Amino acid sequence: MDSCGNQEEPQSGLPSPCPRNPLLPPDSHMDVQGFRRVCWRVWLCRLGAVLSAGLLLVLFHWRPRLAVLARCCSCPPALADVLLLRDHFGQQHVVEVLTEEMEEGSMNLLEDVGETEWRDTVKLNTEQKTLLRYFLFEGLRYIWLARRGAFCHASVLNEDWTCNDLHAFQKGLSPLEQSTRKLVYGPNLIDVPVKSYTRLLFEEVLNPFYMFQVFSITLWMTDRYYYYASCIILISLLSIGISLYETRKQSTTLRSMAQLITNVTVCRSSGEEECVSSVELVPGDCLVIPPEGLLLPCDAALLAGDCMVNESMLTGESVPVLKTPLPAGEGKYSSETQRRHTLFCGTQILQAKGEGPGGRGAIAVVASTGFFTAKGDLVSSILYPQPTNFRFYQDATKFLLFLGGIALIGTIYSLVILSRSNITIMELVIRALDIVTIVVPPALPAAITTGSIYAQRRLKSKGVFCISPPRINICGKVSVFCFDKTGTLTEEGLDVWGVMEGGQAGFSELVPDPRLLPPGPMLSALACCHTVALLGGQPLGDPLELKMIESTGWELKEPEGDRKVVDSAFGGHRVLAVMTSPAQQPEADGNSACESVAILQRFPFSSSLQRMSVVTVAPGGRRALAFMKGAPEMVASLCLRETVPAEFSGILRDFASDGFRVLALGFKPLNEKTDLQALKRGAVEKEMQFLGLLVMKNQVKPESADVINTLSLANLRTVMVTGDNILTAVNVARSCGMVGSSEQVIFVHATPHTSQSMPKLRFHLGEGAGSTSEGSMEVLTQGLYQSGTSYHLAVNGKSFSALCDHFPEYLSKVLMRATVFARMAPEQKTQLVKELQKLNYRVGMCGDGANDCGALRAADVGVSLSEAEASVASPFTSKSDNISCVPLLIREGRCSLVTSFSLFRYMALYSLIQFSSVLILYTVKTNLGDLQFLYFDLVLVTLLAIVMGKGGPSTELHPRRPPASLLALPVLGSLFLHTSMIILGQVAALFITMSQDWYFPLNSTQSGAANLPNLEDTCVFALSGYQYIIMAVVVTKGYPYKKPLYHNVLFVCILLVVFALMSWLVLYPGPALIRLLQLYDISDMNFKMLLVALAALNFLICFFLELLIDLGMLNCLRSLCGNRPSKKQYKRLDLLLSDSPSWPPLNQPLSSTQYTVIGVS
């Protein structure tokens, strides 16, 4: 199936390893099979459903594919009624094909943009009808395109829109065009389905877990276990009720956050304005944004006016962003590459200024609606999360099958044993099936989520919010954590360190205060080259730009009231903002030395372009100048070479090496007679004159170094991913401890294939080390390798792209040793996360802004530092402004994972204890009583399981991560040994009872619970009751991932209570309890003390066995199989690199194996 995720390449020309829009859904290619219903098959299935008492429908509910194969026959998708989809995760889905009849004459309305493809013309009753065939999947609408022969996203119809196309829509759509587009694109709704309680109940009851419960309850009722079955019914109803309430509550909450219906004003082709519901909006609608702003219900391209937008709900970025008009052009429009000109759905427009009706507000054109918007995709990722590829969850299913195998063995054994007794066939079947209900505990799936629920509550109390609870367990297995730099590791704001003016003669001395600069282009550039705007009289914008303006002392003013007065003061140009100096000193010629400057055009900063620029004029329209600010390397490349000082690279390297944030500025005079507001960005940002450098100090947050040190001590690898200069990034990496003071940094320099050269890869010590002599480089190389000094690689965005494209054979090695990734574009950050995941790393990502949004969602664990609690930018959102939440999250993840392990093992051992008891009692022709089962399951097991997971995480991070496999040797070995001790203990209790002088055998003419009370059942009941308590203590792990057991006060108290209760039942049971539980009244106190002693011995043996297993007792069995290589690719690569002391080869150009030179003689 075709996807509509095409995207314009970054205009900077930087190669991108990930050209997809990170805000669009993942690659949506799907296998599609078409089916058409066959009448006789449908009726045959209905008959089968009746004859099977609805079981066939239950099977079809569990396996929809079988329903399609049974009712339909295969056909081409173009003729299908039903489609069978297989997504790229391998999961299958069944969807209905829907049709809409189009209005007569509407088929020609969309031809200009190639939208005639959607038509499917059929002949009905000799009358031509135009039908639209489509289906809905995960909120998205897919339409049939005959020319492509496939169902495609509806957004494919506008994926080729150019910027000029969008500007052409300013005239508005006609009512007929609007209605036609609505049929094609559907309503503008992010509609989160909130199912009725009846439907939720139906789906819940048909869950295999509850179907198994129904089967078990029916079996118990048949076997006359009325009390136990009634209690399980009550508990199940309570559980279903809570589950339904929570499910509906979550759906309602998400719906209220996702769904936005408001009234908006649109322009029609007749020139009139119309107030419509936002549900009616379609791509191409011309939207009028009022001056006071609004909560935007769609994605729209801003065409006229400026908007100040709060995007915190969508991206987690708390700083409002200034959006500027989209320039006209033939290039394709992309909401990602033109995000500074795009208003995203769900964001709050704080104010709009510009060219709306009457000169107020702004004009935008709807680009995407519904689930095709950026917000729609984020909501879709919550509603339909991709399958969690986590071993613990995968092994849980396999383990249930393992328990099923044990149940089969027990069933066969019980059939053999019970067949020797005088029981009916019905009783034989019931007893055998009862084994299945015992071995496979119905509460097992619910029990393993308890740890995540407790961890989620603890995280919320500490200001960390989670929208994906299964990710909490994954936090416990994170092996590498990536951090953004600015605002994450370092302070958000920067302090101006000074300004250095540059020219042909070189750089001047550093001026610490920009106010001391003489009037001229440099001071004007600092004051004007920004996108700061006023909101309620207060300047809002990027913290860096706010500091820059503040350092100049200039004041920002925006036109108010009659704009014509301000515009006429500056030569009749339309003015966006005016910068006024603090003092205007007269020059010798009488003119002001530093007069007001009007900003006419803004070209906002872009991560891909690494720069921004403005067009300005002085009063009267004089001195038209363009100013540019951005990354020093980028600005210098766009300036006239003769204006860039010769020592530019050296000065920049010195500042960056000292950790300073450096920006370069440039300017150029413009012809005042040209239309300054019609200038294109490409025409402005070329042939500039270099002005100088703005040097800013970005302090590392005080918490960063401690957190990085904590992670390093825990053997968690840390990586920095930033858009800043590579030397600045290396300095910050040293400051926060990612790179040690004695460790070397090797820079990776890769160049792509060009018409003049082949791809090359080179490693060198220090930026600019290419000039190092060969002899000195050899000495450095020998010193690095022979001394065993550890090293870190540093890579910039261009080299990373070249590595991905041309050096895949070296990419994994570089990723294994790289710590600093600089000048990385947002899509490159996302690609880096995915490449690390390919090495089998569990990747964490921590960032604070929109540039990290794609990487946060791609990571296994994404943490957004934001004050917006409702942000859907990542699975986790922390309200703290530093990375101290990361160790907390990992500790909670490890605690949750260990708790889930403990609960899983406890529930398995609980089943095996009861399984052993029942089989032993079957052997002697008896069984546990109804209330005995009830006492074990509710009073002991359920009570202990609920409070077992309340223990909090350890205060320290251990160097080893907890295991995640339930099928690992320590887990299976532990279960086998404990089960053996359990069986031996119960058999020993039975034999000790039989050896007593006062023992007498039970009535052999009866079997099962009819034989109660008897001595055999009473002794097994006594010891197995203690075993439930013993296993709760044995499997509840504390150090090093959880606090010691005594910190879980509630669990300890309940342990003491149930132990006392069990001891009372064994040693001093009253007549009432004896009759109630159908126990035999044993008067021999020495015998009863012997049972307690046997239970104590059982506890000591199991406790020390568990201790020995934790210490690696079972590792000797692994040694018999030899040392097998790790399944994780990064561990194998680490061993390989450790055995390669000459890698990386310093200052030796490496060629790509993709390019070979063929010689011809």
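A quick note: this is a predicted structure, and the numbers were derived from the prediction, not measured. (Residues numbered from 1 in each chain as written. Predicted model: local features only at pLDDT ≥ 70, side-chain atom pairs only at ≥ 80, totals over all residues. Heavy atoms only, no water.)

Draft legend 1. Region of interest: the side chain of Glu177. Position of Glu177 relative to the elements: it lies in helix α5 (residues 175-185). One buried charged residue, Glu177, forms no salt bridge at all, with the nearest opposite charge on Arg181 at 5.5 Å. Among the polar contacts made by the side chain of Glu177, one reaches the main-chain amide nitrogen of Ser174 at a distance of 2.8 Å. (Helix = DSSP H or I, 4+ residues; strand = E, 2+ residues; numbered from the N terminus. Buried < 20%, exposed > 50% of the residue type's maximum accessible area, 1.4 Å probe, protein only. Lys, Arg positive; Asp, Glu negative; His and termini not counted. Salt bridge = Lys/Arg side-chain N within 4 Å of Asp/Glu carboxyl O. Polar contact = N/O pair within 3.5 Å; in protein donor to acceptor, adjacent residues only side chain to side chain.)

Draft legend 2. View of the packing of aromatic side chains. Counted according to the given criterion, the structure contains 27 aromatic pairs. Between Phe212 and Phe215 the ring centres are 6.2 Å apart and the planes differ by 35 degrees, which places this aromatic pair in the tilted class. Taken together, the positions of Phe212 and Phe215, both in helix α7 (residues 208-222) and 3 residues apart, correspond to about one turn of that helix. Judged by its relative accessible area of 34%, Phe215 falls in the partly exposed class. Measuring from ring centre to ring centre gives 5.7 Å for Phe1000 and Tyr1080, while their planes differ by 65 degrees; the resulting arrangement is edge-to-face. Remark: Tyr1080 occurs in the loop between α34 (1071-1077) and α35 (1085-1110) and Phe1000 occurs in the loop between α31 (969-994) and α32 (1015-1035); sequence separation between them is 80 residues. Residue Tyr1080 is classed as partly exposed on the basis of its relative accessible area of 29%. The structure contains a cluster of three or more aromatic residues connected by ring pairs, namely Tyr910, Tyr935, Phe936, Phe1021 and Tyr1028. One residue, Arg248, lies across the ring of Tyr197, its end atom 4.9 Å from the ring centre. (Phe/Tyr/Trp six-rings, centres within 6.5 Å; stacked < 30°, edge-to-face > 60°. Lys NZ or Arg CZ within 6 Å of the ring centre and 35° of its normal.)

Draft legend 3. Focus on the pairing of strand β14 (residues 306-310). Most of β14 sits out of view: 4 of its 5 residues are buried. Bridge count between β14 and strand β17 (residues 348-353): 5 bridges; the pairing is antiparallel. Of the residues in β17, the one forming a bridge with Asp306 is Lys353. Of the strand pairs in this sheet, β14 and strand β15 (residues 321-323) are connected by 3 bridges, and their pairing is antiparallel. Considered in β15, the bridge of Val309 is made with Val321. (Pairing = 2+ DSSP bridges.)

Draft legend 4. Fine view of a nonpolar patch on the surface. On the surface, a nonpolar cluster with roughly 650 Å² of combined accessible area is contributed by Leu1100, Phe1103, Phe1104, Leu1107, Leu1108, Leu1111 and Met1113. Within the fold, Phe1104 resides in helix α35. Overall, the relative accessible area of 47% leaves Phe1104 in the partly exposed class. (Patch = residues over 30% accessible without salt bridge, like charges linked within 9 Å, V, L, I, M, F, W, Y side chains within 5 Å. Areas by Shrake-Rupley, 256 points an atom, 1.4 Å probe, with all protein chains shown as cover.)

Draft legend 5. Structural detail: the nonpolar core. Residues Phe483, Phe876, Ile883, Val886 and Tyr906 are the most contacted members of the largest nonpolar core, which totals 133 residues. Excluding its chain neighbours within four sequence positions, the residues that come into contact with Phe876 are Leu459, Val464, Phe465, Cys466, Arg471, Ile472, Cys475, Val861, Gly862, Val863, Ser864 and Leu889. Membership of the second largest hydrophobic core comes to 43 residues, among which are Ala750, Met816, Val833 and Ala855. (Core = buried A, V, L, I, M, F, W, Y, C linked by side-chain atoms within 4.5 Å. Contact = heavy atoms within 4.5 Å.)

Draft legend 6. Structural detail: the state of the cysteines. Within this structure, the stated rule accounts for 0 disulfides. No disulfide involves Cys475; its sulfur sits 7.5 Å from the nearest other cysteine sulfur, which is in Cys466. (Disulfide = S-S within 2.5 Å.)

Draft legend 7. Structural context of the sheet that holds strand β1 (residues 31-37). Reading across from one edge, β2-β1-β3-β4 is the order of the 4 strands in this open sheet, with antiparallel pairing throughout. Both outer strands of the open sheet, β2 (72-75) and β4 (92-96), are each paired with one neighbouring strand and no more. Neighbouring strand axes in the sheet, compared pairwise and without regard to direction, differ in orientation by 35 degrees on average. Two elements, β1 and β2, share 4 bridges in a ladder whose sense is antiparallel. Residue pairing across strands places Arg37 opposite Cys72, the latter belonging to β2. (Axes fitted to C-alpha atoms, helices over the stretch in contact; angles between N-to-C directions.)

Draft legend 8. Here's a closer look at the pattern of salt bridges. Tallied over the entire structure, the rule returns 27 salt bridges. Between Glu336 and Arg339 there is a salt bridge whose closest N-O contact spans 3.0 Å. On the basis of relative accessibility, which here comes to 10%, the residue Glu336 falls in the buried class. In this structure Arg339 comes out as buried when scored by relative accessible area, which is 16%. Between Lys485 and Asp724 there is a salt bridge, and its shortest N-O distance comes to 3.1 Å. In this pair, Lys485 is assigned in the loop between β20 (480-483) and β21 (495-503) and Asp724 in the loop between β32 (717-721) and α23 (726-735), connecting sequence segments 239 residues apart. Judged by relative accessible area, Asp724 falls into the buried class, the value being 4%. What you see here is one network of salt bridges that share partners, running through Lys485, Glu633, Arg661, Asp724 and Arg823.

Draft legend 9. Examining helix α33 (residues 1049-1067) more closely. A rise of 1.5 Å per residue sets the reference length of α33, with its 19 residues, at 27 Å; its end C-alpha atoms lie 27 Å apart and thus fit the reference within 8%. All buried positions along α33 are accounted for by Phe1051, Ile1054, Leu1055, Val1058, Met1062, Ser1063, Leu1065, Val1066 and Leu1067. Next to the buried residues of α33 lie α30 (930-948), α32, α34 and α35. (Expected span 1.5 Å × (residues − 1).)

Draft legend 10. Representation of the packing of α31 against α35 within the structure. Following both chains from N to C, one finds α31 and α35 inclined at 165 degrees, their axes separated by 10 Å at the closest point. Considered as vectors, α31 and α35 are oriented roughly antiparallel to each other. You can see that α31 and α35 cross each other, and the crossing is right-handed. Between α31, through Pro970, Ser974, Leu977, His978, Met981, Ile982, Gly985, Ala988, Ala989, Ile992 and Thr993, and α35, the contact on the second element is made entirely by Phe1087, Leu1090, Leu1091, Leu1094, Asn1098, Ile1101, Cys1102, Leu1105, Glu1106 and Ile1109. Grouping the constituent residues of the contact of α31 with α35 by class yields 15 nonpolar, 5 polar and 1 charged. (Parallel < 35°, antiparallel > 145°, perpendicular 65-115°, else oblique. Left-handed = near helix turned anticlockwise from the far one by under 90°. Nonpolar A, V, L, I, M, F, W, Y, C, P; charged D, E, K, R; others polar.)

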